Amino acid sequence: MQYFSTRGAGPVSLDDALRLGIASDGGLFLPEALPRFDVANFDSAETIPEVAEVLLRPFFDGSELAGDLDAILAETFSFPIPATALPVAGHDVSLLELYHGPTVAFKDVGAGFLAACLSRLEGNIENPLTILVATSGDTGGAVAAAFDERPGMRVVVLFPDGRVSERQAHQLCCWSDNVLSLKVKGSFDDCQALVKGAMADPDLNTAHRFSSANSINIGRLLPQSTYYADASLRHFRRTGKRPGFIIPTGNLGNAFACIMAREMGLPIGPVILATNANRTIADYFETLEWLPRASLQTLASAMDVGDPSNMERLRHLVGEADVLREQVGIVSVSDEQIETSIRQDFAEFGFATCPHTATATHTYRQLDAGLADGHDWILVATAHPAKFETIVEPLIGGPVPVPEELDALLSRPAHSVSIGPTLASLAKVLG
Ligand SMILES: *Cc1c(COP(=O)(O)O)cnc(C)c1O
């Protein structure tokens, strides 16, 4: 299978698309054509790795990694991704729990898969590849966890000092010797500028073999499609119906993977994007004009995106807003509605949801009767609430139990190095 940029460059192999992350013309990689499946193609696939093996096999056609696909999938899906029934009277509604990975957020799936692929393609003990990640929270931890202790790979995480929560900071700094955690005296934008500056510096690049693991790498999208395939197949086998999905959305990577699975023929009904107060996509669907803007800070901080990069993929795959809005729904959820939803989830379901997941549960509650009664629904839970306990605990009036995975991280020692927001300080600590 060959891959082309959304802006036309290519073709490149899967292996090069994984190595490069972004295409030479600034566009994002997509396969030349999506494979098509019937439900029957998955008849003998019971587990997520087995579903993934059927779904992803065509994407690896011609890749050096084709022979390792089973091992890559076994590493990626080393934790369960269950859909748990929710107590909603008279309706079949469940919660797809994407938060059982090492850093208890869905980004563990994409980061784990990318690490399994890149370490096979590029792992070099003599001259390690250096993965640079600027993070405002979840991404850096997932990438560090995925590359931790992988020979021939080094990770450098840059995060803004004092602007991530205590638990988030711990998760960014509790890794082995091949992960360097840098507290940058500056903002997230400063961290991003440092990563771009370092990658554009020829001397630094030769010395350290930089690569990035940001969310636009095709290697993060492909494995995300498999949990939508698996959940929809399970639902379809049980009920004969195509479930709808409601997906907390920021940069549009997770939701794009669901829409891609539907395009490939998986039994998926309506797809609704639940966004926070960042209205770029919602306004586009309404006015048909694409107007990216600066992001607003909200309680669902991992979705604070004003210029969602994967929209370029979605427009390429499906079409412009007039077509898109016929195929994909969208709801913008305010901070006040997120708070109300967290309280209501706790009262009705008996457990807390994180602020991102609460945008999906809110969106479900406000569906019109036609949609609510006409379909079964799967609401997507993108992170464990214990990661956002400072927001959630006051709302539910009690503690959120810390899951084992997070507890294990919080009990590891943390270490980090402080740097100023300049390329010279970064170059110095890189050695
Ligand atoms: C990254 C993230 C999101 C947003 O996902 P996108 O793929 O950027 O749309 C939602 N919830 C959590 C917890 C996240 O970490």
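Not measured: the values here are computed from a predicted model.

Turning our attention to the packing of helix 4 (residues 107-122) against helix 9 (residues 218-239). Contact geometry of helix 4 with helix 9 gives a least axis separation of 8 Å together with a crossing angle of 125°. Accordingly, the angle class assigned to the pair helix 4 and helix 9 is oblique. Our pair here, helix 4 against helix 9, has a crossing hand that is right-handed. The segment helix 4 lies against helix 9, with Lys 107, Val 109, Gly 110, Ala 111, Phe 113 and Leu 114 engaging Gly 219, Arg 220, Leu 222, Pro 223, Gln 224 and Tyr 227. The class makeup of the residues in the contact of helix 4 with helix 9 is seven nonpolar, three polar and two charged.

Taken across its eight residues, strand 6 (residues 153-160) has seven buried, putting it largely inside the fold. Of the pairings in the sheet, the one linking strand 5 (residues 129-134) to strand 6 comprises six bridges and is parallel in character. Directly across from Thr 130, in strand 6, lies its bridge partner Arg 154. Once the chain exits strand 5 it traverses helix 5 (residues 138-147) before rejoining the sheet at strand 6, and the crossover so formed is right-handed. As paired strands, strand 6 and strand 7 (residues 179-184) are joined by six bridges and run parallel to one another. Note that in strand 7 the partner of Val 155 across the bridge is Val 179. The handedness of the strand 6 to strand 7 crossover, carried by helix 6 (residues 166-172), is right-handed.

The next subject is the sheet that holds strand 10 (residues 271-275). Read from one edge to the other, the open sheet built from six strands follows the order 3-4-12-9-10-11, with strand pairing classed as mixed. Only two strands of the sheet have a single partner each, and these edge strands are strand 3 (83-85) and strand 11 (328-332). Within this sheet the neighbouring strands show an average axis-to-axis angle of 25°, counted without direction. The pairing of strand 3 with strand 4 (residues 93-97) spans three bridges and is classified as antiparallel. Across the sheet, Thr 84 pairs through a bridge with Leu 95, a residue of strand 4. Along the sheet, helix 11 (residues 280-287) makes contact with strand 10 and strand 11, crossing strand 11 at roughly 125°.

Where helix 3 (residues 69-76) meets helix 4, the axes come as close as 8 Å, and the angle between the chain directions of the two elements is 145°. Helix 4 is crossed by helix 3, and the crossing has right-handed handedness. Where helix 3 approaches helix 4, its residues Ala 71, Ile 72, Leu 73, Glu 75 and Thr 76 are matched on the opposing element by Val 109, Gly 112, Phe 113, Ala 116, Cys 117 and Arg 120. Looking at side-chain class alone, the contact of helix 3 with helix 4 contains seven nonpolar, two polar and two charged residues.

Let us now look at the site of the ligand. The local shell around the ligand holds 14 residues, among which Lys 107, Asp 138, Gly 250, Asn 251 and Thr 382 are the closest. Take Gly 250: an N or O atom from its main chain is 2.7 Å from an oxygen atom of the ligand. Asn 251 places a main-chain nitrogen or oxygen 2.8 Å from an oxygen atom of the ligand.

Attention shifts here to the environment of Asn 254. With respect to the element layout, Asn 254 can be found in helix 10 (residues 253-263). Sequence-wise, Asn 254 and Gln 224 are 30 residues apart; in three dimensions their C-alpha atoms are separated by 6.6 Å. Apart from residues lying up to four places away in sequence, Asn 254 is in contact with Leu 98, Phe 106, Gln 224, Tyr 227, Tyr 228, Ile 247, Val 380 and Thr 382. Side-chain polar atoms of Asn 254 contact the side chain of Tyr 227, separated by 2.8 Å.

About the cut-offs
- Residues numbered from 1 in each chain as written.
- Predicted model: local features only at pLDDT ≥ 70, side-chain atom pairs only at ≥ 80, totals over all residues.
- Heavy atoms only, no water.
- Axes fitted to C-alpha atoms, helices over the stretch in contact; angles between N-to-C directions.
- Helix = DSSP H or I, 4+ residues; strand = E, 2+ residues; numbered from the N terminus.
- Parallel < 35°, antiparallel > 145°, perpendicular 65-115°, else oblique.
- Left-handed = near helix turned anticlockwise from the far one by under 90°.
- Contact = heavy atoms within 4.5 Å.
- Nonpolar A, V, L, I, M, F, W, Y, C, P; charged D, E, K, R; others polar.
- Buried < 20%, exposed > 50% of the residue type's maximum accessible area, 1.4 Å probe, protein only.
- Pairing = 2+ DSSP bridges.
- Right-handed = clockwise from strand over helix to strand, strands pointing away.
- Near = heavy atom within 4 Å.
- Polar contact = N/O pair within 3.5 Å; in protein donor to acceptor, adjacent residues only side chain to side chain.

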